Amino acid sequence: MSAGVRAPIEWRKELWGSPLRGAFTLALLLLFGWAGFHAFEWAVLQAVFHPDAQACRAVPHGACWGVIAEKWRPILFGRYPYEDQWRPAVAVTLLSLTTLLSAWPRSWRWWLLPLWLVSLSAFVLLMRGGVAGLAAVATNRWGGLPLTIGLAVVGLALAFPLALLLALGRRSEWPLIRTLCATYIELVRGVPLISVLFMASFLLPLLWPAGWQPDVLVRVLAGLSLFVAAYLAEIIRGGLQAVPRGQVDAAMALGFGRWPVQRDIVLPQALRLVVPALTNNVVGTLKDTSLVAVVGLFELTGALGLALGGDPTWRPFYLEGYLFIAAVYWVLCFGLSRYSGWLERRLSSGH
Amino acid sequence: MSRRRAAWLAWALQALLIAAIASGVVWLVQHALEVLRSRGVHSGFDFLLQPAGFEISEGWLDFDAGQPFWRAFLAGVINTVRAAVPAALIAVVLGTLIGIGRLAPHVLVRGLCRAYVETIRNVPLLVQLLMLYFALTQLLPDSTEPLELLPDVWLSKGGLALPWPVREEGAWWPSHFEWPERGSFNVSGGAALSPEYLAVVTALALYTASFVAEIVRAGIASVAQGQKLAAQALGLTGWQQLRIVVLPQALRVIVPALTNQLLSLTKNSSLAVAVGYPELVSIANTSLNSTGRAFECIAVIMAVYLGLSLLISWAMNRYNARVALRGWR
């Protein structure tokens, strides 16, 4: 099967082409049927859907979706004050809509940058409050899905400019700059994200004057961006290397200076080439935000632990809780990776 | 501006930048030391020689609380390897099978393999790890009534017990198997694998396998169609085509990408801290909390991981040099 054109599936031949093949198909179908029936029985037929822990305990062979019905708000919003949870809901919707809009190649125009600035400020204002009659909510009470998406989006937004500088620096004509950028990139890529998060949560407080401490969310965000930037830089470098040298020479011959060549000729082509790889990295970053649960921030994974861990009534039904947040992550990540594939086909077909 | 002057200027600017960064780092370190001193916290790596004061629940290296910190860190590194190596082996084998399965001439096999890849790699590893750990420790039967998976392989909340070769005192090679025995309270003897260890190895292996599968699939798809047709024309069987013609060429694409996956598997093993498997990061975290030496403990983590990364890159590059075309690179 070649990459571009997909041959139509010859169902009959593939499934029942020979007696042996037919037997194999039948065995597989039976296996699927058996597994599917048991999964269906557990998840639907025997399951308890209303929030009643007593009823859940009474049926040992069925799922207890009641735990989601009971706990969906602390799972999705963490410790955010209950009556103000419409604010993170609106904030995260706003951010998602902006992301959806910028996913559409036709909207790649100059106004995207101010739109993002407005949308990000609105996100922070809604979450923080303290203006326009909204009660102030400290960052240590932020949590759940808005924190997951916020960390991923803001982390990437902060990492991108740094990554651009690192990628350009690694190809610089100046050997010291080149070494500096290469060292940074390789060092960061050689250590696990957890160690960077530990650094942000244990080590950074020592570097600041005792009176003024940035809160843990800001420190973790800084750690995340510094980490992601190293990976983004390598992707961007790949794109820069793919732009033929002749393009630079031609631009120089037309009288372009050093920076205008990069800004107007090389970067637009390079970034276009690496958009699919960047999208895959967005998926990676979204999944990586789950690690901040380890340093005590209650994003989606941490919020689940908070919602169920402290409640003996519902603690036995962790599995359903994990399946729920796994489904949330899956929808986001699968959507993004399908988008990445679509974009790759669109960009490669002469646009 | 003359060429020479431009070169001078470039060097001067670079030197200035480096000097600025270096002085910034020096200032930060001095400032941090000052803050530490003002809080009465000792710093330095001398604590590595002091007794650790905590126990390590499992591992290849015997350890008790009276032994020094450096030995605890060593036990942690060995535990990292103890989890990462089996996970890597399972991931490569399983991933290769699934990758080949994604190109199988049977639509159900292709669909199953694709469903596996798309499900596993779009959910964070941490969530999978926590879910597995919960299932292993809460949903399995108690150790008083373990499940017998295979003859003499027992699985329960207490972990997995399986036959293990043992060697006599002073012997080099194992002489006989030790069989786990089911008592009235638990299973004893043989190799006992803790639920923490099982969860870490399984989660790492299943997660990485989904990425390995994609790499293998891309590698096989990169071999030109004509090669397969030519092999067919020579009368090679399906398995021979794969082994003699397709795989050797596919490996050239696969190996560099696989290296990256093995590197990230090693780094991902640090997530074991979330379920309390005592590998390097868990040990460092415990030490950090008991001694307050954040900088030193994090430096140990980073140094060890950098070392492991370099080691794996080196080994895989050696292997890559063998599978690459002669005259390439």
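This structure is a prediction, so every number in the text was calculated from the model and none was measured.

*Asks:* Can you help me understand the overall build of chain A in this one?
*Replies:* Per the secondary structure count, chain A includes 14 helices and zero strands. Reading the helices (α) and strands (β) of chain A from amino to carboxyl end gives α-α-α-α-α-α-α-α-α-α-α-α-α-α. In terms of principal-axis extent, the alpha carbons of chain A reach across some 80 × 75 × 40 Å. For chain A, the proportion of its 351 residues judged to be buried stands at 33%. Pairs at least 24 apart in sequence give 67% of the contacts found in chain A among residues at least 6 apart.

*Asks:* Can you help me understand the overall build of chain B in this one?
*Replies:* Of the regular secondary structure elements, chain B holds nine helices and eight strands. Buried positions account for 35% of the 329 residues belonging to chain B. Looking at chain B alone, contacts between residues at least 24 apart form 61% of all its contacts between residues at least 6 apart.

*Asks:* Teacher, can you tell me more about helix α4 (residues 125-139) of chain B here?
*Replies:* Owing to its 3.6 residues per turn, the α-helix aligns residues three or four sequence positions apart on the same side. Between its first and last C-alpha, α4 of chain B extends 20 Å over 15 residues, near the 21 Å set by a 1.5 Å rise per residue. Here α4 of chain B lies mainly inside the structure; eleven of its 15 residues are buried. Residues L125, L126, V127, Q128, L129, L130, M131, L132, Y133, F134 and L136 of chain B constitute the buried set of α4 of chain B. Here the buried face of α4 of chain B lies against α13 (300-309) and α14 (318-348) of chain A together with α5 (195-222) and α7 (238-268) of chain B.

*Asks:* Even after reading the chapter, I still don't get the interface of chain A and chain B, so can you show me in this structure?
*Replies:* Bring the parts together and some accessible area is lost; that lost area is often taken as the interface size. Counting from both sides, the interface comprises 38 residues of chain A and, opposite them, 40 residues of chain B. Contributions of two or more residues to the side of chain A that touches chain B are made by α1 (11-16), α2 (19-45), α8 (175-190), α9 (193-207) and α14 of chain A. For the side of chain A that touches chain B, the leading source of residues is α14 of chain A, giving ten residues.

*Asks:* Just to check I follow, could you spell out the environment of N79 of chain B for this structure?
*Replies:* Residues and elements named next belong to chain B. Within the secondary structure layout, N79 lies in helix α2 (residues 69-101). Taking the number of C-beta atoms within 10 Å as the measure of exposure, N79 has 26 and is therefore buried. Distance in space between the C-alpha atoms of N79 and S269 is 10.0 Å, their sequence separation being 190 residues. If sequence neighbours within four positions are ignored, N79 has contacts with G59, P278 and E279.

*Asks:* In this structure, what is going on with the packing of helix α7 (residues 144-170) of chain A against helix α12 (residues 258-288) of chain A? I would like to understand it.
*Replies:* The description of two packed helices rests on the angle between their axes and on the distance between the axes. All names here are of chain A. Relative orientation of the contacting elements α7 and α12 amounts to 140 degrees, with a least axis distance of 12 Å. Taken together, the axis directions place α7 and α12 in an arrangement best described as oblique. The two elements α7 and α12 meet at a crossing, and its hand is right-handed. Counted together, A152, G155, L156 and L168 of α7 and Q262, V282, T285 and L286 of α12 form the full contact between these two elements. Split by residue class, the contact of α7 with α12 holds five nonpolar, three polar and no charged.

*Asks:* Teacher, can you tell me more about the sheet that holds strand β2 (residues 153-156) of chain B here?
*Replies:* Each strand in a sheet pairs with another by means of backbone hydrogen bonds, the pair being arranged parallel or else antiparallel. Residues and elements named next belong to chain B. Across the sheet, which stays open at both edges, the four strands sit in the order β1-β2-β3-β8 with antiparallel pairing between neighbours. Every interior strand has two partners, whereas the edge strands, β1 (147-150) and β8 (191-193), have only one. When the angles between neighbouring strand axes are averaged without regard to direction, this sheet yields 25 degrees. For β1 and β2, the ladder comprises three bridges, and the chain directions are antiparallel. From the neighbouring strand, L147 faces β2, where its bridge partner is L155.

*Asks:* Even after reading the chapter, I still don't get the nonpolar core, so can you show me in this structure?
*Replies:* Grouped together as the largest cluster of nonpolar side chains are 151 residues, with contacts concentrated most on L197 of chain A together with L129, L130, V200 and I301 of chain B. Those residues in contact with L129 of chain B that lie beyond four places of it in its chain are A199, V200, A203, L271, A274 and V275 of chain B. Ranked by size, the runner-up nonpolar core spans five residues in total, among them W154, L155, L160 and V187 of chain B.

*Asks:* Explain the packing of α8 of chain A against helix α10 (residues 216-242) of chain A to me, please; I cannot follow it from the model alone.
*Replies:* Residue and element names in this part refer to chain A. The N-to-C vectors of α8 and α10 enclose an angle of 115 degrees; their axes lie 9 Å apart at closest approach. As α8 packs across α10, the resulting crossing turns out to be left-handed. Between α8, through Y184, I185, V188 and R189, and α10, the contact on the second element is made entirely by L226, F227, A230, Y231, A233 and E234. Residues that form the contact of α8 with α10 fall into these classes: eight nonpolar, no polar and two charged.

*Asks:* How do you make sense of the pairing of strand β3 (residues 159-162) of chain B when you look at a structure like this?
*Replies:* Every other side chain in a regular strand lies on the same face of the sheet, so the side chains alternate between the two faces. Residues and elements named next belong to chain B. Both β2 and β3 contribute to a ladder of three bridges, which runs antiparallel. Among the inter-strand pairings, L155 is bridged to a residue of β3, identified as L160. Counting the residues between successive antiparallel strands, the hairpin from β2 to β3 contains two residues. Of the strand pairs in this sheet, β3 and β8 are connected by three bridges, and their pairing is antiparallel. Bridge pairing links L160 to L193 in β8.

*Asks:* Would you mind showing me how to read the confidence of the model for chain B here?
*Replies:* Detailed conclusions should not be drawn from predicted coordinates in areas where pLDDT is low. Summing up the model confidence of chain B, the mean pLDDT is 85 and the portion of residues at 70 or higher is 98%. Of the two predicted TM-score estimates for the complex, the pTM is 0.88 and the ipTM is 0.89.

*Asks:* Just to check I follow, could you spell out the confidence of the model for chain A for this structure?
*Replies:* Of all residues in chain A, 96% have pLDDT values of 70 or greater, and the mean over the chain is 86. Taking the mean pLDDT of every element in chain A, the minimum, 82, falls on α1 of chain A and the maximum, 92, on α7 of chain A.

Reading guide: rules and limits
Residues numbered from 1 in each chain as written. Chains lettered and ligands numbered in written order. Predicted model: local features only at pLDDT ≥ 70, side-chain atom pairs only at ≥ 80, totals over all residues. Helix = DSSP H or I, 4+ residues; strand = E, 2+ residues; numbered from the N terminus. Buried ≥ 20, exposed ≤ 12 C-beta atoms within 10 Å, placed from the backbone. Contact = placed C-beta atoms within 7 Å. Expected span 1.5 Å × (residues − 1). Axes fitted to C-alpha atoms, helices over the stretch in contact; angles between N-to-C directions. Parallel < 35°, antiparallel > 145°, perpendicular 65-115°, else oblique. Left-handed = near helix turned anticlockwise from the far one by under 90°. Nonpolar A, V, L, I, M, F, W, Y, C, P; charged D, E, K, R; others polar. Pairing = 2+ DSSP bridges. Core = buried A, V, L, I, M, F, W, Y, C linked by C-beta atoms within 7 Å. pLDDT = per-residue confidence, 0-100.

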